[in-house]
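Each chain is listed here by its residues.
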Amino acid sequence: MDEIRNQIEYSVLLERIKNVYRKISSAAIRSGRSPFDVTLVAVTKTVPYERIKEGVDLGLRVLGENRVQEAQGKIEACKLQCADYELEWHLVGHLQKNKAKAAVHLFHLIHSLDSISLAQEVNKHARKAGKIQRVLIQVNLSEEETKHGVPRKDLMDTIKAVFGMKNLKLEGLMTMPPYFENPETARPFFRELRECRDQAEKKGYHLPELSMGMTNDYEAAILEGATIVRIGTAIFGERS
Ligand SMILES: *Cc1c(COP(=O)(O)O)cnc(C)c1O
């Protein structure tokens with residue numbers, strides 16, 4: 001029985017991944033870009049290692065976690081068990097300063113730099129580790145108190161400061177709009193992040209990446225220029 005159940009779950013996972021790639025491709029083309037211009041980050045928070053491994057076997061290569069502690073064990077297991085694959089791990093959730101060192105050792109890209117002081121801490125640990133840490137700045141566009149991210153008014157100063165840190169490579173911006181039933185309602189936030197990027201580019205800061213869009217709204221985000229989408233539920237199902 002278990003064998004059959006595993007087979008079914010595996011096919012369900014395959015269908016979900018295909019479906020997500022289909023929608024990403026179609027939205028990318030509608031936005032005048034190539035499907036290869038959009039990176040899928042499969043968000044694996046709460047997903048057990050065995051299931052992640054199945055996703056990797058089915059083609060997932062970029063994986064996202066939102067907590068350093070939870071990620072640690074999974075990343076180590078994957079290093080041993082998925083050694084045949086070139087995997088990339090991204091931190092998509094909030095980073096506390098006291099986890100900066102661990103994060104530098106674990107993640108290829110940190111999406112959630114949200115203050116100059118956190119950037120300094122990450123830069124310090126990257127320097128000690130002899131690493132150039134790829135990062136994005138998380139922007140809080142909804143100004144919700146509960147949301148992490150740099151407020152728009154402080155963004156240019158933060159960009160300037162991070163560009164000055166030798167062991168950080170700032171690649172772009174990330175945002176997480178409030179949850180809306182209708183993804184069209186989130187679209188102005190996605191457009192605003194793109195405008196923030198365009199403004200920074202005018203001042204000479206090259207910021208190619210826009211990390212925006214989750215299960216409920218990634219097509220809208222791609223239509224507004226997302227280059228990275230972070231998708232959990234649409235791939236692994238509802239989190240318990
Ligand atoms: C959980 C999470 C996601 C994925 O959310 P889904 O709605 O399950 O696709 C994306 N980004 C961040 C920062 C998350 O914490």
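Residues numbered from 1 in each chain as written. Predicted model: local features only at pLDDT ≥ 70, side-chain atom pairs only at ≥ 80, totals over all residues. Heavy atoms only, no water.

1. Some remarks on the side chain of T44
- Following the sequence through the fold, T44 ends up in the loop between β1 (39–43) and α2 (49–57).
- Given the relative accessible area of 0%, T44 is considered buried.
- For T44, the contacting residues outside a window of four places in its chain are I52, L63, G64, E65, E70, K74, W89 and F236. (Helix = DSSP H or I, 4+ residues; strand = E, 2+ residues; numbered from the N terminus. Buried < 20%, exposed > 50% of the residue type's maximum accessible area, 1.4 Å probe, protein only. Contact = heavy atoms within 4.5 Å.)

2. Brief notes about the nonpolar core
- Membership of the largest hydrophobic core comes to 68 residues, with the highest contact counts inside it found for F107, V122, I159, L173, I222, V229 and I235.
- Broken down by element, this core gets its largest block of residues, six residues, from helix α1 (residues 2–30).
- Among residues more than four places away in sequence, those in contact with L173 are L136, I137, V139, L155, I159, L193, C196, R197, L207, E209, L210 and S211.
- Core analysis: the second largest hydrophobic core is formed by seven residues, V41, L109, L136 and I228 among them. (Core = buried A, V, L, I, M, F, W, Y, C linked by side-chain atoms within 4.5 Å.)

3. A short note on the site of the ligand
- The local shell around the ligand consists of V43, K45, N66, V92, M176, M214, T215, R230, I231, G232, T233 and R239.
- Taking T215, its side chain carries an N or O atom lying 2.5 Å from an oxygen atom of the ligand.
- R230 is positioned such that a nitrogen or oxygen atom in its side chain is 2.9 Å from a nitrogen atom of the ligand.
- Against a free-state accessible area of 380 Å², the protein chains account for coverage of 92% of the ligand. (Near = heavy atom within 4 Å. Polar contact = N/O pair within 3.5 Å; in protein donor to acceptor, adjacent residues only side chain to side chain. Areas by Shrake-Rupley, 256 points an atom, 1.4 Å probe, with all protein chains shown as cover.)

4. Topic: the pattern of salt bridges
- This model, assessed by the stated rule, comprises 18 salt bridges.
- The partner of E15 in a salt bridge is K18, with the nearest N and O atoms 3.4 Å apart. With E15 and K18 both in helix α1 and three residues apart, the pair spans about one turn of that helix. (Salt bridge = Lys/Arg side-chain N within 4 Å of Asp/Glu carboxyl O.)

5. Here's the deal with the packing of aromatic side chains
- With the rule as written, the count across this model stands at two aromatic pairs.
- With a centroid separation of 5.0 Å and an interplanar angle of 40°, the aromatic rings of F163 and Y205 are classed as tilted. Of this pair, F163 sits in helix α6 (residues 152–163) while Y205 is found in the loop between α7 (187–202) and β8 (209–211), placing the two residues 42 residues apart along the sequence.
- Overall, the relative accessible area of 36% leaves F163 in the partly exposed class.
- Exposure remark for Y205: the relative accessible area of 15% places this residue in the buried category.
- Ring plane angle 25° and centroid distance 6.0 Å describe the contact between F180 and F189, whose orientation is recorded as stacked.
- Residue F180 is classed as partly exposed on the basis of its relative accessible area, which comes to 23%.
- By relative accessible area, which is 18% here, F189 ends up buried. (Phe/Tyr/Trp six-rings, centres within 6.5 Å; stacked < 30°, edge-to-face > 60°.)

6. Some thoughts on the pairing of β1
- With four of five residues buried, β1 is to be regarded as a mostly interior element.
- As defined by bridge partners, β1 adjoins strand β9 (residues 228–231) across four bridges and the pair is classed as parallel. The residue bridging V41 from the neighbouring strand is R230, located in β9.
- Inspection of the sheet shows β1 paired to strand β2 (residues 62–65) by two bridges, in the parallel sense. Each bridged residue has a counterpart across the sheet, and for A42 the counterpart in β2 is L63.
- A crossover connection joins β1 to the parallel β2 through α2; in handedness this β-α-β unit is right-handed. (Pairing = 2+ DSSP bridges. Right-handed = clockwise from strand over helix to strand, strands pointing away.)

7. A few points about the pairing of strand β3 (residues 88–91)
- Here β2 pairs with β3 via four bridges, running parallel. Residue G64 lies in a different strand from β3, and its bridge partner there is H90.
- Crossover β2 to β3 through helix α3 (residues 68–81) is right-handed.
- Here β3 runs beside strand β4 (residues 109–113); their pairing, made up of two bridges, is parallel. Pairing of H90 across the sheet is with L109, part of β4.
- On the question of chirality, the crossover connecting β3 to the parallel β4 by way of helix α4 (residues 100–106) is right-handed.

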